[in-house]
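# Report on the structure
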Amino acid sequence: MTKRRRGWGEDSVYQDGDRWRGAISLGRTPDGRRRRIKVSGDTKAEVIAKLKEVRRSLDAGVESPTSRLTVGAYLDRWIDGVPARVEQSTASDYADTVRLHLKPGLGSKILTKLSVSEVNALWAAKRKAGYSANSIRIMRTVLRSALHQAEREGLLVRNVAALSDPPRIGHIEGRSLSIAEAIGLLDAAKGDRLEALYAITLTLGLRRGEALGLSWSD
């Protein structure tokens, strides 16, 4: 009986010593080289499952589902193109977020294997380290934007940053002086060298930075 040759795109599964291996043929490159995606595992069933996952990724438009491209390497590439799309100050903020938070926490992970749980673990670690909910929100926004671009490039099937848990940002109720308290403060400040500053701050509701920017001539 003649063994049928596998056609284009068919999978092969075979045992190699104590390991099982599988491959998917993707035809040939323009220069004639064979294009194949290979996987391996301890059992035949494991290899078949991996091949099915690769097939699903290919069907979803992912160009290289077994790529070893790391999150850090992709973020470096992504951040290089950011200045062309946003203001320079925003691009600098994105670069700082990538350098200080995203790459240290996720940079070594394989881009196609990054999971929602790993991203959530980073947010949890940042909360434990004392970062505010707003700071974590910014980190999540930057990562979500980067992975959205990876989706558009066909490198990812889904954006795990968008699926991660958003931080809860509470609204802190501001505290203001009552009229009686304000009058009491002005009475206590009479004769003080900064009496005029206190009066202007109370009257106009200046923030500290605005008040400190005033000069004596003002």
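Residues numbered from 1 in each chain as written. Predicted model: local features only at pLDDT ≥ 70, side-chain atom pairs only at ≥ 80, totals over all residues. Heavy atoms only, no water.

## A few points about the side chain of K126
Tracing the chain through its elements places K126 in helix α4 (residues 116-128). For the buried K126, no salt bridge exists, and the shortest N-O distance to an oppositely charged side chain is 13 Å, to D96. Those residues in contact with K126, other than ones at most four positions away along the chain, are L100, H101, Y131, I136 and M139. (Helix = DSSP H or I, 4+ residues; strand = E, 2+ residues; numbered from the N terminus. Buried < 20%, exposed > 50% of the residue type's maximum accessible area, 1.4 Å probe, protein only. Lys, Arg positive; Asp, Glu negative; His and termini not counted. Salt bridge = Lys/Arg side-chain N within 4 Å of Asp/Glu carboxyl O. Contact = heavy atoms within 4.5 Å.)

## A closer look at helix α3 (residues 88-106)
Of all the bends found along α3, the most pronounced is centred on V98 and spans about 40°. Turning to α3, its buried residues are A91, Y94, T97, V98, H101, L102 and L106. On its buried face, α3 is in contact with α2 (71-81), α4 and α5 (133-152). (Bend = angle between axes of the 7 residues up to and from the residue.)

## Quick look at a nonpolar patch on the surface
Together, L177, L185, L186, Y198 and L202 make up a nonpolar patch on the protein surface, roughly 360 Å² of accessible area in all. At the level of secondary structure, the elements contributing two or more residues to the nonpolar patch comprise α7 (179-189) and α8 (195-204). (Patch = residues over 30% accessible without salt bridge, like charges linked within 9 Å, V, L, I, M, F, W, Y side chains within 5 Å. Areas by Shrake-Rupley, 256 points an atom, 1.4 Å probe, with all protein chains shown as cover.)

## Section: the pattern of salt bridges
Any two side chains of opposite charge can pair if their charged atoms end up close together. Summed over all chains, the structure comprises 6 salt bridges. Across the pair D187 and K190 runs a salt bridge whose closest N-O atoms are separated by 3.8 Å. When its relative accessible area of 43% is taken as the criterion, D187 is described as partly exposed.

## Considerations on the environment of W123
For W123, the location among the structural elements is in helix α4. With 13 residues separating them in the primary sequence, W123 and I136 have C-alpha atoms 6.5 Å apart. The contacts of W123, once residues within four sequence positions are left out, are L102, I136, M139, R140, L143, S164 and D165.

## Let's talk about the environment of S12
On the secondary structure map, S12 appears in strand β1 (residues 11-16). According to the relative accessible area criterion, S12 is buried, its value standing at 5%. Along the sequence, S12 and G22 sit 10 residues apart, while their C-alpha atoms lie 5.3 Å from each other.

## A few points about the packing of aromatic side chains
The full count for this structure, using the stated rule, is 1 aromatic pair. Ring geometry for W78 against Y94: centres 5.9 Å apart, planes inclined by 20°, an arrangement best described as stacked. Of this pair, W78 sits in helix α2 while Y94 sits in helix α3, and the two are 16 residues apart along the sequence. Judged on exposure class, the residue W78 and its partner Y94 are both buried. (Phe/Tyr/Trp six-rings, centres within 6.5 Å; stacked < 30°, edge-to-face > 60°.)

## Quick look at the nonpolar core
The biggest cluster of nonpolar side chains holds 28 residues, and the ones touching the most others in it are W78, L102, W123, L143 and L147. For this core, the secondary-structure elements that each account for two or more residues are α2, α3, α4, α5 and α6 (160-163). When neighbours within four sequence positions are excluded, W78 is seen to be in contact with R85, Y94, V98, V142, S145, A146 and Q149. The next biggest cluster of nonpolar side chains, apart from the first, holds 7 residues, and it includes V39, V47, L51 and V54. (Core = buried A, V, L, I, M, F, W, Y, C linked by side-chain atoms within 4.5 Å.)

## Some points on the confidence of the model for the protein
Regions with low pLDDT carry predicted coordinates that are not meant to be interpreted in detail. Averaged over the protein, the pLDDT score is 82; the fraction of residues at 70 or greater is 83%. For residues 1-10, every residue scores under 50 in pLDDT, and the model assigns this stretch 13 contacts once sequence neighbours within four places are set aside. (pLDDT = per-residue confidence, 0-100.)

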